[in-house]
Amino acid sequence: MKSLKYIIILAILLIPSITHAASKYWVGGCSDTTWSCYNAGTTNWGSTSNTRDNASHPQSIDDVFFDGVGFGASNSTLSVSTTTKSLDMTGYTNTLTHNAAVTLTVAGGGVVFKLASGMTYTLGAPATSAITFTGTTGTTLITTATKTVGKTTFNGVGGAWQLQDPFITTSYLEFSNGTFDSNNQNITVSQLIFNGGGTKTLTLGSSAITATSGAGGAFLYALSANSPGTITANTAVITSTGAGAVFSSIVKDWNGLSLVFSGSGTANLNSAGSTFANVTKTGTAAKTDILSLNANVIVTGTFTVNGASSTSRVLVQSNTLGTPRTITAANVSISNADFMDITGAGAASWDLSAITGGSGNAGGNTMQALGDAAFTTATTTWWIQGASPAARNWSDATNWNWANGVATSTVGSRVPLPQDDVRFDAGSFSSSGKTVTLDMPRAGKNIDWTGTTNTPAWAKTTATTIYGSVTMIAGMTNSGTTNFTMEGRSPFTWTSAGQTWTNGLAISMVGGALTLQDSLISSDTSQSINLTNGTFNANNFNVTTANMRINGSLTRTLTMGSGTWTITGNGSNYWNAGTVTNLTFNPNTSTIVLSNTTTASKTFTGGGLTYNNVTFSGDNITVTGNNTFNTIALNNAGLGIGLRL
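Residues numbered from 1 in each chain as written. Predicted model: local features only at pLDDT ≥ 70, side-chain atom pairs only at ≥ 80, totals over all residues. Heavy atoms only, no water.

Enquirer: Is there a simple way to think about the overall build of the protein in this case?
Expert: When you go through the protein residue by residue, the secondary structure sums to one helix and 65 strands. Scaling as 2.2 N^0.38, a compact globule of 645 residues should have a C-alpha radius of gyration of about 26 Å, whereas the protein reaches 34 Å, well beyond that. With the C-alpha coordinates of the protein rotated into their principal frame, the extents come out at 120 × 70 × 45 Å. Across the 645 residues in the protein, those meeting the buried criterion constitute 52%. Restricting the contact set of the protein to residue pairs at least 6 apart, pairs at least 24 apart contribute 43%. A total accessible area of about 24200 Å² is found for the protein, and carbon and sulfur atoms account for 52% of it. Charge centroids of the protein, computed over 26 positive and 25 negative side chains, lie 6 Å from each other. (Helix = DSSP H or I, 4+ residues; strand = E, 2+ residues; numbered from the N terminus. Rg over C-alpha atoms; globule rule 2.2 N^0.38 Å. Buried < 20%, exposed > 50% of the residue type's maximum accessible area, 1.4 Å probe, protein only. Contact = heavy atoms within 4.5 Å. Areas by Shrake-Rupley, 256 points an atom, 1.4 Å probe, with all protein chains shown as cover. Lys, Arg positive; Asp, Glu negative; His and termini not counted. Charge placed at Lys NZ, Arg CZ, Asp CG, Glu CD.)

Right, here's the structure in full:
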C-alpha cells in the first residue's frame, strides 16, 4: 500500500499545472513601480486587497484591481504590453503611468474597464500608449472618469462595449468588430475610424462626437467597402474641428446622424451617396474654406453653409471639375457662399439670390429650375481707391461700388462674386503709386483695366480663379508668384498689353476656351502654363513660359498657331505631354524653342505627338515619346540629346 501511495503522489506531481482565473491587486513593494517587476521573488501584486503575497503578474484571465487601500496607495507604471481580463481602479488616487509603445489589452467579455476620478493617468505617447478591447462575449462597461486615454481599439468578434461616461483621446478610436454603444455619452477623439472586415453594429444615440484631427486631410471617419455594419437610429452629431477634414464612408443611410465641419481649409465629404439628417459647413476667418463633395448627398433635415463674412466665403463644389454633385435637401440655410458644379434638389428652396453676403455662381450649377436666377444677380463692380493707404486689398468691400468711376453712396457691401465683371478705369485711381492687392481666391468674371490712368500696380498674393477674360493695359505693372487659374465655361480672351505675367497660369475651362489677343510672356518658374481642361488658342501670337504642361486625361485642345513658343526652364516639366488622353493637339506652323542653354537636366516629354519645328538648346536634354517633327534644330555646339522613345 505504501508503494501505491508513492505512485499516486508521483502521478499528481506529474500532472501539468493548471492556471486558474484569479484576482490581482496592486500592492507595490517590488524594487520599482512597473507591473512586471520581479526581484528575488517579490512582485507588486497580491491575491487580495492590501496583501503582499507576491502574486504573479496579471494574465489574460485575471481580473485586475487598483483599490488604493493600504499598500495599494502607491504609484504604478505599465511598462510592457499586458493582457488582462478586466481592470477596475475604483478608489485609486495615485498615478498610473502608461508608457509609450505599450498596449494594455482587455480580453474579457462582459467585464469592466474602469478608471478612477481621483487618480492621475499619464500617457507616454497618445498614439502608442494604447488600449485594445478584444472580448468576444457579453458587454464590457467602460468608464474613463474623464481621463484622456491613448489610441483605443475595439476588435472582438461577437464582443460588445458600452461607454459609461464621456470618452476622450487625443489619438484615435477604432472599431473593427462587434457592437459599440456610445450610450449617449460625448466623445472627443483625434480620428474616429470604423473600419476592417468584421461585422459591426454601431449605436451612437444622441452623442456629441468631436473629431479634432484634419491636418493633411486626415480622416474624420472611415468605413471601407470591406467593412459591413449596421447603423442604428440615432440623433448623434459628429463635429470636425480640424483643418482639411475628411468624412469617408460607403454607408448609404446614416439613420439620423448629423455632420458639422467647422475647421478651415477643404472639408471633404466622401459619402458614396449617403443620407444624413443634417450637414453643416461653418466658415472660418480664412478666405479659402471649401466643402467638397465626391458623390450625391441626401439631407433629410437642413443643409447649412455659413461663410464667416462676405469676404471669408465658403465654396461648395464637386471634387471633380465639370462633374455635378446633387444635394437633395428638405431645407437649406446658406449665407456668404459660392457654388460650383452643384445641383440643388429636394423640397428645399434653392433661391439664393438674396441671401446674406450674396451667392456666387462659379459655373456648372443647377438649382432646381431657377438657373442663374438662383444666384445673386451678376453686375459690374468698379474699383475706387482713395488717397490712402497706397496699397489696398481686393477683399475690402469699401473699395468697390456699382457706379462708373464715382465714389457715391453705392459703395459696395461685398467684394465681386464669381459672376461679376470687374472694371478699372480713369476714375479708379486718384493719383499714381497705388497698388491693388488681389487677396481673394475667386476674383470675378471678366477683369478689365481698359482706360485706367495713373499707372497702378496689380499685386497677386493668393492663388486665384477667374471665370472670364483678363484685359490688362500697358500703363500698369503686375507682380506675384501664386497660381492663377482660368475656369470660364465659354469663350474668353487674354490680353497682356505687353505685360510680363509673373504668376503661374492654369487653364481649366470645362467647355470653354481662352484665346490670346497678343503675345503672352510668363516669367514664373514654378507654375508656368498648365492646360488641364478646355481650349488654349495662341491665336498666332508668341508664347514664352518656363515650362509647358499639357498632360492629363480631361478634354482639352491646344492650338499653337504660327507663333514661336519659347520654353525657358528645365526639369521634368520642361515640355510635358506625358499623357495625351482626350487631347486635341494642333501644332499648326508653330516653332518651339527650348532656349535654356545650361547643363541642367531637361526632359521633353513629347507624348508621341506630331510637332512642327522644334529647336533644342543647351546640354543634358532627354526626348521621350514616339514623336514626329517637321524640323529639329540644334543651336549649340556639343549639344547632347538622349533620345528615349
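From this point, the discussion proceeds with the structure in view.
Enquirer: Honestly, the sheet that holds strand S41 (residues 435-438) in this entry has me stumped. Any pointers?
Expert: Working definition: the strands of a sheet are paired by backbone hydrogen bonds and lie parallel or antiparallel to each other. One open sheet accounts for four strands, arranged S38-S41-S44-S47; its pairing is parallel. Because the sheet does not close on itself, it has two edges, and the strands there are strand S38 (391-393) and strand S47 (477-479). For this sheet, the mean angle separating the axes of adjacent strands, direction not counted, is 20 degrees. (Pairing = 2+ DSSP bridges. Axes fitted to C-alpha atoms, helices over the stretch in contact; angles between N-to-C directions.)

Enquirer: Would you mind going over the packing of aromatic side chains with me for this structure?
Expert: Aromatic rings in a pair are described by how distant their centres are and how their planes are angled relative to each other. Applying the stated criterion across every chain yields a total of 42 aromatic pairs. Judged by centre distance (5.0 Å) and plane angle (5 degrees), the rings of Phe 133 and Phe 154 are stacked. With a gap of 21 residues between them, Phe 133 in strand S11 (residues 129-133) and Phe 154 in strand S14 (residues 152-163) connect regions that are remote in the sequence. Taken together, the aromatic side chains of Trp 383, Trp 394, Trp 400, Phe 424, Phe 429, Trp 449, Trp 458, Phe 484, Trp 494 and Trp 501 make up a single cluster linked through ring pairs. Note that Arg 52 overlies the ring of Phe 71, its terminal NZ or CZ placed 3.9 Å from the centroid. Lys 460 extends its terminal NZ or CZ atom over the ring of Trp 458, reaching a point 4.8 Å from the ring centre. (Phe/Tyr/Trp six-rings, centres within 6.5 Å; stacked < 30°, edge-to-face > 60°. Lys NZ or Arg CZ within 6 Å of the ring centre and 35° of its normal.)

Enquirer: Could you clarify how one ought to interpret the state of the cysteines in this entry?
Expert: The term disulfide refers to a covalent linkage connecting the sulfur atoms of a pair of cysteines. Per the counting criterion, the structure on display carries one disulfide. One disulfide in the model links Cys 30 with Cys 37; its S-S distance is 2.0 Å. Residues Cys 30 and Cys 37 are joined by a disulfide whose S-S torsion is about -70 degrees; by sign, that bridge is left-handed. (Disulfide = S-S within 2.5 Å.)

Enquirer: I tried to follow the nonpolar core on my own but got confused; where do I start?
Expert: Side chains that are nonpolar tend, in soluble globular proteins, to be buried together. Among the nonpolar cores identified, the biggest contains 75 residues, and Leu 269, Phe 303 and Phe 339 are the most heavily contacted of them. Broken down by element, this core gets its largest block of residues, four residues, from strand S30 (residues 297-306). (Core = buried A, V, L, I, M, F, W, Y, C linked by side-chain atoms within 4.5 Å.)

Enquirer: Please clarify how the pattern of salt bridges should be interpreted in this entry.
Expert: Where charged atoms of side chains with opposite charge meet at close range, the side chains can pair. Overall, the coordinates contain seven salt bridges when judged by the stated rule. The salt bridge partner of Arg 392 is Asp 396, with a shortest N-O separation of 3.6 Å. Arg 392 sits in the buried class, given a relative accessible area of 15%. A relative accessible area of 27% means that Asp 396 is categorised as partly exposed. For Asp 448, the salt bridge is made with Arg 423, and the minimal N-O distance between the two is 4.0 Å. Here the residue Asp 448 occupies a position in strand S43 (residues 447-448), and Arg 423 occupies one in strand S40 (residues 421-423), the gap between them amounting to 25 residues. Via salt bridges that share partners, Arg 313, Asp 338 and Arg 442 belong to a single interconnected network. (Salt bridge = Lys/Arg side-chain N within 4 Å of Asp/Glu carboxyl O.)

Enquirer: Just to check I follow, could you spell out the sheet that holds strand S50 (residues 500-501) for this structure?
Expert: Judged by pairing direction, the sheet is parallel, and its seven strands sit side by side in the order S50-S52-S54-S57-S60-S62-S64 without closing on themselves. On the outer flanks of this sheet lie S50 and strand S64 (628-634), each paired with one strand and no other.

Enquirer: It is not clear to me how unusual backbone geometry should be interpreted in this structure. Could you clarify?
Expert: Not every positive phi belongs to a glycine, and Ala 40 is a case in point at roughly 55 degrees. By the element assignment, Ala 40 lies in the loop between strand S1 (23-26) and strand S2 (45-46). Its identity is not glycine, yet Asn 184 carries a phi of approximately 65 degrees, on the positive side. With respect to the helices, strands and loops of the structure, Asn 184 is situated in the loop between strand S16 (172-181) and strand S17 (187-189). By relative accessible area, Asn 184 is classed as partly exposed at 43%.

Enquirer: Sorry if this is basic, but what is going on with the environment of Thr 43 here?
Expert: Along the chain, the position of Thr 43 falls in the loop between S1 and S2. According to the relative accessible area criterion, Thr 43 is buried, its value standing at 5%. Considering only alpha carbons, one finds Thr 43 and Asn 630, 587 residues apart in sequence, at a separation of 87 Å. Excluding residues within four positions of it along the chain, Thr 43 makes contact with Gly 28, Gly 29, Cys 30, Cys 37, Tyr 38, Asn 54, Ala 55 and His 57. One polar contact links the side chain of Thr 43 to the main-chain amide nitrogen of Trp 45, over a distance of 3.2 Å. (Polar contact = N/O pair within 3.5 Å; in protein donor to acceptor, adjacent residues only side chain to side chain.)

Enquirer: Help me understand the environment of Val 80, please; the structure alone is not making it clear to me.
Expert: Looking at the secondary structure, you find Val 80 in the loop between strand S4 (76-78) and strand S5 (82-84). For the pair formed by Val 80 and His 98, sequence separation is 18 residues and the distance between their alpha carbons is 9.1 Å. In this view, Val 80 contacts Ser 36 and Val 102; residues no more than four positions away in its chain are not counted.

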